[in-house]
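Breakdown of the fold
One letter stands for each residue in the lines below.
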Amino acid sequence: MDHFLYKNGTLHAEDVALTEIAAQVGTPFYVYSTATLTRHYRLFTEALSPLPHLVCFAIKSLSNVAVLKTLGNLGAGMDVVSGGEYLRAKAAGVPGDRIVFSGVGKTREEMRLALTGGIRQFNVESEPEMRALSEIATSLGVTAPIAVRVNPDVDAKTHEKIATGKKENKFGIPIARASQVYAEAARLPGLQVVGIDVHIGSQLTELEPFEQAYLKIADLTRRLRSEGHTITRLDLGGGLGIPYTRSNEAPPLPTDYGALIKRTVGDLGCEVEIEPGRLISGNAGLLVASVIYVKNGEGRDFLILDAAMNDLVRPSMYGAHHDIVPVMEPPVAAPTQEFDIVGPVCETGDTFAKGRDLPLVAEGDLVAFRSAGAYGAVMASEYNTRPLIPEVLVNGDHFAVIRARPSFDEILKRDTIPSWL
Ligand code: LLP
């Protein structure tokens, strides 16, 4: 459920008409709903209760500091994968002891940053990384809490580019080598083993892969404990999928996911951490664009929008589907037309949808891409020197621009001319 509904014939974000935001900030823009973010975060905390737990929002899915502050104020932890994301979490006021640091290639610089600023745990993904962390922690005279990310070799049954839990993926250490790696971790100075970490992929639409992975983690917990390690936390990753269409998709609900967690690892006496991104942010955001032209081509009609693949790359990168709807509510049984919906970027790949039925729209009309809150703004680029588009946060009947559109002046100023030119 989200809070983007038609009211009096106009699509609203909560109680704000998208036409009002468009008039003030121009298009295209991203808009997020506080009520939806809040609701989705709470679904997880409710699903995991009464287990001791921390829901760490995967910042990579939507990293605007205002959004992080919204979730942080509710008590959310954060899952970061870079020094930049760590600084965003801190800028949002999230204390270090609610931040977990994931990722296969943490630099020594990033380790130092997190160790000095405060960190709940590093999810370590390889032996060389573990040794580097030991070295840095020792040099700073501190102890780094760690969980080792294990790769359970489970098929997440999702898009190949976002599956992470198969043995051929670059993530984690093979579960078969876990005993050896934990033994080394216990020997290394400056490290304190606190738990185990696993994440098998994103946009999972079935629970079964989670179940397979979590059962393996439960076994591993018992084994590592019998080998003398203290395992008090299990970080079970993110990845629960969302519906991208309004029709037949029904991915499992957080309540089912919570029940599965309790069933598989609930009796181990561990604190459970999860790292959901998309389920919290995905359906909490829209991308709103204007129709620049309606172009009649050879056997097909194109809707040319002012948003492009640089603003929302998911359709061209993963062939992802986003529902696209007119902002002005069409009358019931209004005639529709089939369009290829495209942006102005000079690549055929700049296509959002092919042969999509839309109610008749005209130049200047506004359309909204649903489910664009996750991996939308964060993956945007300035390709074709198109400025990053604004982000807007709605809360009830008011809204604020939480990232402004840069001027061309600001963009051009970032390039510098060397002395010989
Ligand atoms: N934790 C780790 C270690 C991750 O790598 C990810 C996502 C998450 C948590 C959050 O997963 P989520 O709950 O959002 O599924 N750009 C792609 C998705 C990439 C996901 C990368 N890792 C897309 O647009 O579909």
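In what follows, the structure referred to is the one given above.
Description of the structure in this document. Note that the structure is predicted; figures quoted are calculated from it, not measured.

Right, let's talk about the overall build of the protein chain for a bit. A tally of regular secondary structure across the protein chain gives twelve helices and 21 strands. The C-alpha atoms of the protein chain give 23 Å as radius of gyration, which agrees with the globular expectation for 421 residues (22 Å, within 12%). When the 421 residues of the protein chain are sorted by exposure, 56% land in the buried category. Intrachain contacts of the protein chain at a sequence separation of at least 6 include 70% that bridge at least 24 residues. Of the accessible surface of the protein chain, which amounts to about 17,600 Å², a share of 53% is contributed by carbon and sulfur atoms. Here the protein chain contributes 41 positive and 51 negative side-chain charges, whose respective centroids are spaced 5 Å apart.

Counting residues in each nonpolar core, the largest one holds 97 residues, and the members touching the most others are M78, F122, I146, Y214 and I261. Here the element with the most residues in this core is helix α8 (residues 208–226); it accounts for seven residues. Two domains each provide a minimum of three residues to this core, namely domain 1 (4–31 + 282–412) and domain 2 (34–280). Contacts of M78, omitting those with residues within four sequence positions, involve C56, F57, I59, L68, L71, G72, A89, V94, R98, I99 and V100.

Relative to the helices and strands, R278 resides in helix α10 (residues 278–281). For R278, a relative accessible area of 5% translates into the label buried. Within the structure, R278 has its side chain in polar contact with the side chain of Y244 (distance 2.7 Å).

The next point concerns helix α4 (residues 83–91). Turning to α4, its buried residues number three or more, namely G83, E85, Y86 and A89. On an axial view of α4, the arc spanned by its buried residues comes to 160°, and they lie on one face. On its buried face, α4 sits against α3 (65–73), β6 (77–80), β7 (99–101) and α5 (108–117). With its phi angle positive at about 85°, G93 sits one or two positions after the end of α4.

Moving on, we come to the site of the ligand. Neighbouring the ligand are 18 residues, the closest being S202, E275, R278, R314 and Y375. Separating a nitrogen atom of the ligand from a side-chain N or O atom of D79 is a distance of 3.3 Å. One of the side-chain N or O atoms of Y375 is found 2.6 Å from an oxygen atom in the ligand. When atom positions are compared with the pocket grids, the ligand is found to occupy the largest pocket. Mapping the shell around the ligand onto the domain boundaries places at least three of its residues in each of domain 1 (4–31 + 282–412) and domain 2 (34–280).

So, about the layout of surface pockets. Remark: the empty space left among the atoms is shown by a probe the size of a water molecule rolled over them. There is about 620 Å³ of room inside the largest pocket. Looking at the largest pocket, it is lined by 31 residues, and the ones nearest its centre are K60, T164, F171, H199 and Y375. For the lining of the largest pocket, a count of residues per class yields eleven nonpolar, ten polar and ten charged. If you count residues domain by domain, the lining of the largest pocket takes at least three from each of domain 1 (4–31 + 282–412) and domain 2 (34–280).

Criteria and thresholds
- Residues take numbers from 1 onward in each chain, read along the sequence in its written order.
- Only residues with pLDDT of at least 70 get local features here, since the model is predicted, and only at 80 or more are side-chain atom pairs given and counted; chain-wide, interface and lining totals rely on the full set of residues.
- For side-chain calculations, the full set of non-hydrogen atoms in the structure is used, while hydrogens and water are omitted.
- Helix and strand assignments follow DSSP, with helices taken as H or I runs no shorter than four residues and strands as E runs no shorter than two, numbered in order from the N terminus.
- Taken over C-alpha atoms, the radius of gyration is set against a globule rule of 2.2 Å times the number of residues to the power 0.38.
- Only protein chains enter the accessibility calculation, which uses a 1.4 Å probe; a residue whose area is less than 20% of its type maximum is buried, one above 50% is exposed, and one in between is partly exposed.
- Between two residues, a contact is recorded if the distance between any of their heavy atoms is within 4.5 Å.
- Each accessible area is a Shrake-Rupley estimate made with a 1.4 Å probe; only the visible protein chains count as cover when residues are assessed.
- Here the positive residues are Lys and Arg and the negative ones are Asp and Glu; neither His nor the chain ends is included.
- Taken as the charge centre is NZ of Lys, CZ of Arg, CG of Asp or CD of Glu, depending on the residue.
- What is meant by a nonpolar core is a set of buried Ala, Val, Leu, Ile, Met, Phe, Trp, Tyr and Cys residues, joined one to another through side-chain atoms within 4.5 Å.
- Each domain's extent is set by a domain assignment, obtained either automatically or from a database.
- Polar contact is defined as a pair of N or O atoms within 3.5 Å, subject to the rule that within protein one atom must be able to donate a hydrogen and the other to accept it, and that residues adjacent in sequence are counted only when both atoms are side-chain atoms.
- This arc corresponds to the set of directions leading from the helix axis out to the C-beta atoms.
- It suffices for a single heavy atom of a residue to lie within 4 Å of a molecule or strand for the residue to be listed as near it.
- Points on a 1 Å grid over protein atoms alone make up a cavity when a 1.4 Å probe fits among them but cannot get out, and a pocket when they form an open set with protein on both sides within 12 Å along at least five of seven lines; lining residues each have an atom within 4 Å of a point.
- In this scheme, a molecule is assigned to a cavity or pocket if more than half of its atoms are within 2 Å of the grid points.
- Grid points are joined across faces, edges and corners, and a volume is the space filled by probe spheres set on the points.
- Each residue is assigned to one of three groups, with Ala, Val, Leu, Ile, Met, Phe, Trp, Tyr, Cys and Pro labelled nonpolar, Asp, Glu, Lys and Arg labelled charged, and all others, Gly among them, labelled polar.

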